[in-house]
Amino acid sequence: MSKQKIRDTDFLFLSAYIAAKQPRMLSMSLCRRMLEAPGYGECAKMLEDCGYPDMSAMSAPEIDAVLAARRDAVFAELAQLSPCRELVDIFRCRYDYHNAKTLIKAEGANVDAMHLLSGSGRMGVQALCDAYHEERYGSMPGQMGNAVKEERSRRAIALAAKLEQHYLEALVGSTQS
């Protein structure tokens, strides 16, 4: 975090701004009403009342894209208005770790997982993928690079041990024939 001392008055504007937007925000009671709604169309209408576009005829990937864009816009707006960007980054951190876990699992399964990555993290998706594949762990935010390096190393050791076990089983099997 920055060395600048934060005062309680630094967030007055941001607090008032959020309070003014609150009536059009998604709330727990609205989420409950959406869960109890008889169909998707009613849920889409409730979201429209909160400023979302009409999603009643959208496919699941289209809805996901709309929700991700909205989340990214909220993060960008909060980062711009906040006197301390690091506080907003705390909420973006989870998406960096989601992306890192997804890359590690995709590598183990030998699949492409680009469609599962979120652009809501502190580090862009492509930049994170490049850093991951080029093993530039120091360019990853915070301690994430060390964690990713450690996990990849642990998985490589486990794989080597498993291969060694299969090799020994094959040797034993061939001597018993």
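Before reading on, note that the structure itself is shown above.
Residues numbered from 1 in each chain as written. Predicted model: local features only at pLDDT ≥ 70, side-chain atom pairs only at ≥ 80, totals over all residues. Heavy atoms only, no water.

Caption draft 1: Region of interest: a nonpolar patch on the surface. Residues Tyr-167, Leu-168 and Leu-171 make up a contiguous nonpolar surface patch of about 280 Å² in total accessible area. Relative to the assigned elements, Leu-168 resides in helix H7 (residues 144-176). Of the residues examined, Leu-168 reaches a relative accessible area of 43% and is grouped as partly exposed. (Patch = residues over 30% accessible without salt bridge, like charges linked within 9 Å, V, L, I, M, F, W, Y side chains within 5 Å. Areas by Shrake-Rupley, 256 points an atom, 1.4 Å probe, with all protein chains shown as cover. Salt bridge = Lys/Arg side-chain N within 4 Å of Asp/Glu carboxyl O. Helix = DSSP H or I, 4+ residues; strand = E, 2+ residues; numbered from the N terminus. Buried < 20%, exposed > 50% of the residue type's maximum accessible area, 1.4 Å probe, protein only.)

Caption draft 2: Expanded view of the packing of aromatic side chains. This structure, assessed with the given rule, holds two aromatic pairs. Seen from their ring centres, Phe-13 and Tyr-17 are 5.8 Å apart, and the 25° between their planes marks the pair as stacked. Highlighted residues: Phe-13 and Tyr-17, both in helix H1 (residues 12-21), separated by four residues, approximately one helical turn. A ring pair is formed by Phe-75 and Tyr-95, whose centres lie 6.1 Å apart and whose planes are at 70°; its orientation type is edge-to-face. Of this pair, Phe-75 sits in helix H4 (residues 60-81) while Tyr-95 sits in helix H5 (residues 85-109); the two residues are 20 residues apart in sequence, bridging distant segments of the chain. Assigned by exposure class, Phe-75 and Tyr-95 land together as buried. Across from the ring centre of Tyr-52, 4.0 Å away, lies the NZ or CZ of Arg-70, which sits over that ring. Its end group placed over the ring of Tyr-95, Arg-94 keeps NZ or CZ at 5.3 Å from the ring centre. (Phe/Tyr/Trp six-rings, centres within 6.5 Å; stacked < 30°, edge-to-face > 60°. Lys NZ or Arg CZ within 6 Å of the ring centre and 35° of its normal.)

Caption draft 3: Local environment of the packing of H5 against H7. Direction vectors running N to C along H5 and H7 enclose 20°, while the axes themselves pass 11 Å from each other. Comparing their axes, H7 and H5 come out roughly parallel. Regarding H5 and H7, the two cross each other, and that crossing is right-handed. Contacts between H5 and H7 involve Asp-96, Tyr-97, Ala-100, Ile-104, Lys-105 and Glu-107 from the first element and Met-144, Val-148, Glu-151, Arg-152 and Arg-155 from the second. Here the contact of H5 with H7 is built from residues that sort into five nonpolar, no polar and six charged. (Axes fitted to C-alpha atoms, helices over the stretch in contact; angles between N-to-C directions. Parallel < 35°, antiparallel > 145°, perpendicular 65-115°, else oblique. Left-handed = near helix turned anticlockwise from the far one by under 90°. Contact = heavy atoms within 4.5 Å. Nonpolar A, V, L, I, M, F, W, Y, C, P; charged D, E, K, R; others polar.)

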